[in-house]
Amino acid sequence: MKYLRILLFCTVPLSAQAEDLVVQAGEHASFTRLALNFNSVPTWEMGRSNGGYEFRLTSGAHDLDLTNVFERVPRERISGLDFDPETNTLNIASSCDCFANAFEMSGGLIVIDIRDGTPPQTALFEQSLPPLPAPRPARAPMQATLNSILPLFPDDADLIPQYQHIQSELSAEPAELLANSIDLSETRTALLHELSEAAASNLLTPNIDLPELPASQPELLTPTPEIEEVLITEPPVAMAHINFQALNSIEREVLSSMPGVPAEMEGVVSCISDNFLSYETWGDPGALMDNITLARTSLTNEIDETNESSVQNLAKAYLLAGFGAEARAVLDSFENTSWEANLLRTLADIMETGYAEDHSIFEAQHNCPGAVSMWSVLAQPTLDSSQAVDVSALTNTFSGLPLHLRRLLGPPLSLRFIGAGDTDTAYAIQTAVSRADGEHGDLFRLAEAELDLTEDLSDASMVEAEQELSDIASNGSDYAPEALISLMNLKNSQGLAVEEDVLEIAQAFAFELQGDELGHAMNQALVETLTNSLRFEDAFELLSAIEPEISDDTQTALLWAHVFDKLTASAVDIAFLDFVFQRSSDIDNLDLAQETRRAMSSRLVHLGFPQKARDVLKPSSPPTEVELLILARAALSEHNPTQALAEIASLVSAEATVLRAEAYLRLGEFDRASALNQDALPDTVQNHIAWISNDLEQITNVGTPQQIWAATQLSEAPSTPLPVTQSPTEDGLRQAQTLIAGSQEVRSGIQALLQENTID
């Protein structure tokens, strides 16, 4: 009995029911929209035709009602519509300078837009559709009799007498009715599809013998069109984004546990397709609020149920509007955890904060062709100059974005390239925004100023960039902290102080942003700024407080070096000494660069504090030449020339020779001082040695004008006394006047000599 029922089901004529659907239409400023609201989204394809576009439904039977379309829209972008039920094709006639876009929304809605303008490079429907297969020839009328059926079931032969009346009923049925029996090929196809899915999921095991195939070379499989593979020298990534559609619970479990790239794919990166990142599929850029409204109304069905597709469509509508926080909230609220949902979460974070804290989904995608290159760079907070980037794909993708998204994403993108030293790409990104009229926002102005500062600017241009940063920093902008940091870094690079009001604003922001990455950057810039403003105590206190937060030891060392180097070079004597003596224990415990300690120690020796100089110096073991020279000067400052000679005993440099000469002079060993290499000594030292040792000949060679005069007077002194005249005569008076004049000249020379020379 059960077999007979199956056969009757297969042989009795069936009638196919087409889904009736009224096509809705709407006219917008830059596009005309058609909306097809199916019970569930069918499979479809769309492409160019001779007179416009054709939209072909490739599953199910449908009947589209086009009656009211041109009551709502003019025949400008769409000049005609025609639906062919035989091929399930909607022909859209269009002769304008337009292009088509189509996308799915939740609840079975398919939207077709005919938009003004030439098709962009990312347009998806500019290729012609493949031709339909030729129709099958009509079948001969199906004849069925009970006698022709029963031999298939020999075990049920005893049932024949009970169903003899069926034979007569079948024979009595009109031939015309049998001739109208439908073609079961569609049912057969669907049945085979279900069986193949069950077999693929290991729910069924086929019990068939496959014929042996002749030996041949294996064919290379064509990669799925959703994945474009490029060879780049970066680590492989997981391939969870392969276009694998999970149709049942078993397949969904398999999809959720897909492994990473197999060993044979090592070195090959699978790039995320533009199909997942093309904003054209997210909605209409000219009707952002309409997109959100439509997606929200389609979020639930008639029994208030949501599905993954409708949730993602709403998130995409928010992303197209640039609302990152809202997009993420929608995905999180409905616990949408698919791979594509996580991709959308990453895009949402980029739009909300300028980067994504978790950007693993874009790992190794910088050098991929297509839109993924841009999103991959944006996902990371910084761009390493060593990373290869497909700049052409990135700039093409960015230039094709709507203006509001270019304004949102352009500045952080250009700042990435400025940080990586690629100012050409940064300039191209900024130009793609600035070519549009209107204000582009403070972050764009900040990026412009940063870009200007990377070039060789005139003084006027530098002042203009500085003024731009100052305006942003002081106008209460959301980007005031970033502008303040850039302004302080600019001033710090020039060794200049900032205005007091700017410094106060920066300190307020540093307090407000404490614990945040931006706060750390603000504090580090503030340390340098306070130092350049000669506020060494404030700089020391701030750096001591934030040192545990600085993860880079090199940066910490540079900041400490800046504070103490500026202190040594620029502080007045009393301020320098006060700081060094007040912070003695801190200086002892700090891991200061040795160059910094040497500079401080030298100044302490010069100021007459040799023992403090030794404490600060902390010489190496063994001491370097520079350190030995400092120790020798400290010994001379303590009037210990013997110790000074011991410190520099192994040194032969010119500076050591000078110190050695000074030590010999203080010991009174003039001959040893004179025996030193005079060419290694400066003129002042040679002069000093010659003067102390009474070397008149040497004095005439290297002495000052006063010393040379004195040496000449001593060498030309008369050997016999002048004659004494008892009575005044004319000659005697003249001689006296000459003696008096000479005495006055000698006295003036002696006074000049005394003023020139310091007596130790």
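See above for the structure.
Residues numbered from 1 in each chain as written. Predicted model: local features only at pLDDT ≥ 70, side-chain atom pairs only at ≥ 80, totals over all residues. Heavy atoms only, no water.

> Talk me through the sheet that holds strand β3 (residues 31-37); I want residue IDs and the actual numbers.
Judged by pairing direction, the sheet is antiparallel, and its 4 strands sit side by side in the order β2-β3-β10-β9 without closing on themselves. Sheet topology places β2 (24-27) and β9 (98-104) at the edges, where each strand pairs with a single neighbour. Between one strand axis and the next, the sheet turns by 15° as a mean value, whatever way the strands run. Of the pairings in the sheet, the one linking β3 to strand β10 (residues 109-116) comprises 7 bridges and is antiparallel in character. (Pairing = 2+ DSSP bridges. Helix = DSSP H or I, 4+ residues; strand = E, 2+ residues; numbered from the N terminus. Axes fitted to C-alpha atoms, helices over the stretch in contact; angles between N-to-C directions.)

> Hey, could you go over the packing of aromatic side chains for me, with residue numbers and the actual values?
All told, the structure shown has 10 aromatic pairs when counted by the stated rule. Judged by centre distance (5.4 Å) and plane angle (35°), the rings of W44 and F55 are tilted. Of this pair, W44 sits in strand β4 (residues 44-49) while F55 sits in strand β5 (residues 52-57); the two residues are 11 residues apart in sequence, bridging distant segments of the chain. No difference in accessibility class separates W44 from F55, as the two residues are buried. (Phe/Tyr/Trp six-rings, centres within 6.5 Å; stacked < 30°, edge-to-face > 60°. Buried < 20%, exposed > 50% of the residue type's maximum accessible area, 1.4 Å probe, protein only.)

> Let's hear about helix α12 (residues 372-379): which residues, and what values?
Most of α12 sits inside the fold, with 8 of its 8 residues counted as buried. When we look at burial in α12, the residues that qualify are V372, S373, M374, W375, S376, V377, L378 and A379.

> Hey, could you go over the sheet that holds strand β8 (residues 89-93) for me, with residue numbers and the actual values?
Read across the sheet, 4 strands follow the order β4-β5-β8-β7 without closing on themselves; strand pairing throughout is antiparallel. The open sheet has two edge strands with one neighbour each: β4 and β7 (80-84). Direction aside, neighbouring strands of the sheet carry axes that sit 15° apart on average. Inspection of the sheet shows β7 paired to β8 by 5 bridges, in the antiparallel sense. When the bridges of β8 are listed, D84 appears paired with T89.

> Go over the pattern of salt bridges, please, and point to the residues and values.
For the structure on display, the rule yields 23 salt bridges. Note that R77 is salt-bridged to D116, the shortest N-O span being 2.7 Å. Of the two residues, R77 sits in the loop between α2 (69-72) and β7 while D116 sits in strand β10, which places them 39 residues apart along the sequence. According to the relative accessible area criterion, R77 is buried, its value standing at 8%. Residue E500 pairs with R535 through a salt bridge whose shortest N-O separation is 3.2 Å. Here E500, found in helix α19 (residues 500-512), pairs with R535, found in the loop between α20 (517-532) and α21 (536-546); they are 35 residues apart in sequence, far enough to count as distant. (Salt bridge = Lys/Arg side-chain N within 4 Å of Asp/Glu carboxyl O.)

> Give a description of α21 that names residues and reports values.
Count 3.6 residues to each turn of an α-helix, and residues three or four apart come out pointing the same way. Of the positions making up α21, those classed as buried are F536, A539, F540, L542, L543 and I546. The inward-facing, buried residues of α21 abut α20, α22 (553-570), α23 (573-582) and α24 (584-589). (Contact = heavy atoms within 4.5 Å.)

> Hey, could you go over the environment of R407 for me, with residue numbers and the actual values?
By the element assignment, R407 lies in helix α14 (residues 403-419). On a C-alpha basis, the gap between R407 and Q430 in space is 9.2 Å, while along the polypeptide they are 23 residues apart. Apart from residues lying up to four places away in sequence, R407 is in contact with V433, D437, G438, E439 and H440. A polar side-chain atom of R407 sits 2.9 Å from a polar atom in the side chain of H440. (Polar contact = N/O pair within 3.5 Å; in protein donor to acceptor, adjacent residues only side chain to side chain.)

> Lay out the packing of helix α11 (residues 339-353) against α12 with the relevant residues and their values.
Helix-helix packing: each pair is described by the crossing angle between the helix axes and the interaxial distance. Two numbers describe how α11 lies on α12: the axes approach to 10 Å, and their chain directions differ by 60°. For the element pair α11 / α12, the angle class is oblique. Two packed elements cross with a definite hand, and for α11 against α12 that hand is left-handed. Only W375, L378 and A379 of α12 make contact with α11, whose side of the interface consists of L347, I350 and M351. (Parallel < 35°, antiparallel > 145°, perpendicular 65-115°, else oblique. Left-handed = near helix turned anticlockwise from the far one by under 90°.)

> Kindly report on the state of the cysteines, identifying the contributing residues and their values.
Considering all chains together, one arrives at 2 disulfides under this definition. Across a sulfur-sulfur distance of 2.0 Å, C96 and C98 are joined as a disulfide pair. One quick way to see it: the torsion about the S-S bond of C96 and C98 is about -130°, and its sign makes the bridge left-handed. Since its relative accessible area comes to 27%, C96 is described here as partly exposed. (Disulfide = S-S within 2.5 Å.)

> Outline the pairing of β3, listing residues and values.
The buried count for β3 comes to 6 of 7 residues, which makes it a mostly enclosed element. Direction of pairing for β2 relative to β3: antiparallel, over a ladder of 4 bridges. Paired with G26 across the bridge in β3 is R33. Counting the residues in the hairpin turn of β2 and β3 gives 3 residues.

> Tell me about unusual backbone geometry, residues and numbers included.
For residues other than glycine, phi is negative in most cases, and the peptide bonds are mostly trans. Cis rather than trans, the peptide bond between S621 and P622 has omega equal to 0°. The residue P622 is located in the loop between α26 (610-617) and α27 (625-637) in this model. In this model, N88 sits at a positive phi of 55°, which is unusual for a non-glycine residue. Tracing the chain through its elements places N88 in the loop between β7 and β8.

> Give a detailed account of the nonpolar core, specifying residues and quantitative values.
Core analysis: the largest hydrophobic core is formed by 62 residues, its most contacted members being L277, F362 and W375. Discounting residues that sit within four places of it in the chain, W375 has contacts with L277, L347, I350, M351, F362 and L409. Listed in part, the 53 residues of the second largest apolar core include L542, F564, L592 and I630. (Core = buried A, V, L, I, M, F, W, Y, C linked by side-chain atoms within 4.5 Å.)

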